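What follows is the residue order along each chain.
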Amino acid sequence: MNSTLLLQPVEQTEITKKIDHDPILKVENLKVHFPVKTGIMQRTTGYVKAVDDISFYVKKGETLGIVGESGCGKSTMGRSLIRLNEPTEGSIIFNGNDITSMTEKELRPLIRKKIQMVFQDPYASLNPRKSLGNTLIEPLKAHGLYSNHKERNEKIKELLNVVGLHPSSMNHYPHEFSGGQRQRIGIARALVLNPDLIIADEAVSALDVSIQAQIINLLEDLQEQFDLTYIFISHDLSVVRHIADRVGVMYLGKIAELAPKDELYVEPLHPYTQALLSAVPAIRSKGTETRERIVLKGDIPSPINQPTGCVFHTRCPVRMEHCQVAKPTLKEVKPGHFVACHLYE
Ligand code: SF4
């Protein structure tokens, strides 16, 4: 199946209708479905609905946190924003340009330079036989930036300094760096083309807590210094609380709740957000009180065979009868606070 054939013009959703500024990124009704093929004939017998009809926007200069358990579709969503996973439906508007079905040639000046990703394991994407200097110079050459080798070298040295690595690191090879240093390299590589938007996917998850804090502080400093916008994807609610301005909670490919950080952490409305937050002891205590731990029963359903109605109804402690048949849509219940739950309709 050529997934791009399904792309349709999309209606504005409640969440994007409310925008009173030019967002750097606007995502409407995004779906990323992967066909499941079985048998000798490799017939398509179903679809993994990794991302299933999500809409959001990101303001210039802010950090949007995306949280959710493993397998909720948050990484697929992040990858689809730079077309590493092709959208099946919906639209992605970056800096006013619809990039959803652009060709690679059209994408190059727009997103291959201006949107970058930082991954959990930068080591996996580094060539072990290339020195750090050669790795970082490559994108500058590919995009024809700077006229000669000396200028490119200067730029790389400057960049290494900015991310807290010694300029002499240029001559070193990936295996010579520690986990934290490798993540600094990942960040340097994301910065080398002067992007506007960085998508950090579990960027600090593999690091020790003290190193996590250093990398988060570095990301915050760089944001200020280079006027960057971040989408920070993580399963770790405590880390997201530290860095994000607004937070979206994903469950089974959908956004369950999206709100300014302080509101979401202090007064979560969606039963799933409440359960997720109640599982983190540091967040569970609210002032002098401690919120009760909500233990969800059962496993996350398969994204191939999603529950009818509200996708969370099989685990929701406060589900109602009609939750099994009626799909809730993301509605604004307070200014800037959106929830997909029949309790708030
Ligand atoms: Fe629970 Fe129903 Fe709300 Fe879904 S819509 S979260 S099942 S109360």
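The shown structure was predicted, so the numbers you read here are calculated from the model rather than taken from an experiment. Throughout, residues of each chain are indexed from 1 in the direction in which the sequence is written. Per-residue local features are limited, in this predicted model, to residues with pLDDT of at least 70; the limit for side-chain atom pairs, both in listing and counting, is 80 or more; totals at the level of whole chains, interfaces and linings are taken over all residues. Only hydrogens and water are set aside when side-chain values are computed; all heavy atoms of the structure are taken into account.

I'd like a description of the overall build of the chain, backed by residues and values.
By definition, any uninterrupted DSSP run of H or I lasting at least four residues is a helix, any uninterrupted run of E lasting at least two residues is a strand, and each is numbered from the N terminus. Across its full length, the chain carries 11 helices and 14 strands. Counting only C-alpha atoms and orienting by the principal axes, one finds that the chain spans roughly 70 × 55 × 45 Å. Contact between two residues is taken to exist if any of their heavy atoms lie within 4.5 Å; hydrogens are not considered. Residue pairs in contact within the chain that sit at least 24 positions apart in sequence constitute 63% of those at least 6 positions apart. The positive count covers Lys and Arg only, the negative count covers Asp and Glu only, and His and the chain ends enter neither. Lys charges are placed at NZ, Arg charges at CZ, Asp charges at CG and Glu charges at CD. Between the mean site of the 41 positive side-chain charges and the mean site of the 40 negative ones, the chain shows a separation of 5 Å.

Pulling in residues and values, what's your account of the site of the ligand?
In these notes, residues near a molecule or strand are those with any non-hydrogen atom within 4 Å of it. As a matter of local geometry, the ligand sits amid His270, Pro271, Cys310, Phe312, His313, Cys316, Val318, Arg319, Cys323, Cys341, His342 and Leu343. Judged by the proximity of its atoms to the pocket grid, the ligand belongs to the largest cavity. The class makeup of the residues in the shell around the ligand is 8 nonpolar, 3 polar and 1 charged. For cavity detection a 1 Å grid was placed over the protein atoms alone, and a set of points counts as a cavity when a 1.4 Å probe fits there but cannot get out; an open set counts as a pocket when protein lies on both sides within 12 Å along at least five of seven lines, with lining residues being those that have an atom within 4 Å of a point. Think of it this way: if more than half of a molecule's atoms are within 2 Å of a pocket's grid points, that molecule is in the pocket or cavity. Only Asp, Glu, Lys and Arg are considered charged in this grouping, and only Ala, Val, Leu, Ile, Met, Phe, Trp, Tyr, Cys and Pro are considered nonpolar; every other residue, Gly among them, is considered polar.

Any details on empty space enclosed by the protein? Residues and values, ideally.
Grid points are joined across faces, edges and corners, and a volume is the space filled by probe spheres set on the points. Tallied over the entire structure, the rule returns 2 cavities of 30 Å³ or more. Lining the largest cavity we find 14 residues, and of these Pro271, Cys310, Cys316, Cys323 and Cys341 sit closest to its centre. In the lining of the largest cavity, the residues fall into 10 nonpolar, 3 polar and 1 charged. Estimated volume of the second largest cavity: approximately 30 Å³. Lining the second largest cavity are Leu126, Lys130, Leu132, Thr135, His172, Tyr173, Pro174, Phe177 and Ile185. Here the residues of the lining of the second largest cavity sort into 6 nonpolar, 2 polar and 1 charged.

Can you lay out the sheet that holds strand E7 (residues 197-201) for me, pointing to particular residues and giving the numbers?
Here, a strand pair is defined by DSSP locating no fewer than two bridges between the strands. Spatially, E6-E7-E8-E3-E9-E10-E14-E13 is the arrangement adopted by the 8 strands of the open sheet, whose pairing is mixed. Looking at which strands have only one partner, the edges of the open sheet turn out to be strand E6 (115-118) and strand E13 (331-334). On average, each strand axis in the sheet is inclined to that of its neighbour by 25°, with strand direction left out of account. Here strand E3 (residues 63-67) pairs with strand E8 (residues 229-234) via 5 bridges, running parallel. Note that in E8 the partner of Gly65 across the bridge is Phe232. Axis definition: a line fit to C-alpha positions, over the contact stretch in the case of helices; interaxial angles, taken between N-to-C directions, run 0 to 180 degrees. Helix H2 (residues 74-81) contacts E3, E6, E7, E8 and strand E9 (246-251) of the sheet and is inclined by roughly 150° relative to E8.

Pulling in residues and values, what's your account of the pattern of salt bridges?
Think of it this way: side chains of opposite charge can pair up when their charged atoms draw near. Any Lys or Arg side-chain nitrogen found within 4 Å of a carboxyl oxygen on Asp or Glu counts as a salt bridge. Going through the model one piece at a time under the given rule, you end up with 10 salt bridges. Between Lys254 and Asp52 there is a salt bridge whose closest N-O contact spans 2.9 Å. In this pair, Lys254 sits in strand E10 (residues 254-260) while Asp52 sits in strand E2 (residues 43-58), placing the two residues 202 residues apart along the sequence. Buried means the residue's accessible area, taken with a 1.4 Å probe over protein chains only, is under 20% of the maximum for its type, while exposed means over 50%, and partly exposed covers the values in between. Using a relative accessible area of 18% as the deciding quantity, one classes Lys254 as buried. Judged by its relative accessible area of 8%, Asp52 is buried. Arg112 is the salt-bridge partner of Glu104, the closest N and O atoms lying 2.9 Å from each other. Taking relative accessible area as the criterion, Arg112 reaches 23% and is therefore assigned partly exposed.

Describe in detail the packing of helix H6 (residues 179-191) against helix H7 (residues 209-226), supporting the description with residues and values.
In the contact formed by H6 and H7, the axes pass within 10 Å of each other and the chain directions differ by 20°. Put simply, H6 runs roughly parallel to H7. With respect to the hand of their crossing, H6 and H7 are arranged in right-handed fashion. Facing H6, whose interface residues are Gly180, Gln183, Arg184, Ile187 and Leu191, H7 presents Ile211, Gln214, Ile215, Leu218, Leu219, Leu222 and Phe226. The class makeup of the residues in the contact of H6 with H7 is 8 nonpolar, 3 polar and 1 charged. The scheme is simple: roughly parallel for angles under 35 degrees, roughly antiparallel for over 145, roughly perpendicular for 65 to 115, oblique for anything else. In a left-handed crossing the near helix is turned counterclockwise from the far helix by less than a right angle, and in a right-handed crossing that turn is clockwise.

Can you tell me about the packing of aromatic side chains, naming the residues and giving the values?
Pairing of aromatic side chains here covers Phe, Tyr and the six-membered ring of Trp, requires ring centres within 6.5 Å, and sorts the geometry by plane angle: under 30 degrees stacked, over 60 edge-to-face, intermediate tilted. One pass over the structure, following the stated rule, counts 3 aromatic pairs. Measuring from centroid to centroid gives 5.0 Å for Tyr251 and Phe312, while their planes differ by 80°, and the two rings are edge-to-face. A residue pair is termed long-range when its members are at least 10 positions apart, and Tyr251 in strand E9 and Phe312 in the loop between strand E12 (289-290) and E13 qualify at 61 residues. Relative accessible area serves as the criterion here: at 3%, Tyr251 is assigned to the buried category. Classification of Phe312 as buried rests on a relative accessible area of 2%.

Purely geometric numbers; function is a separate question.
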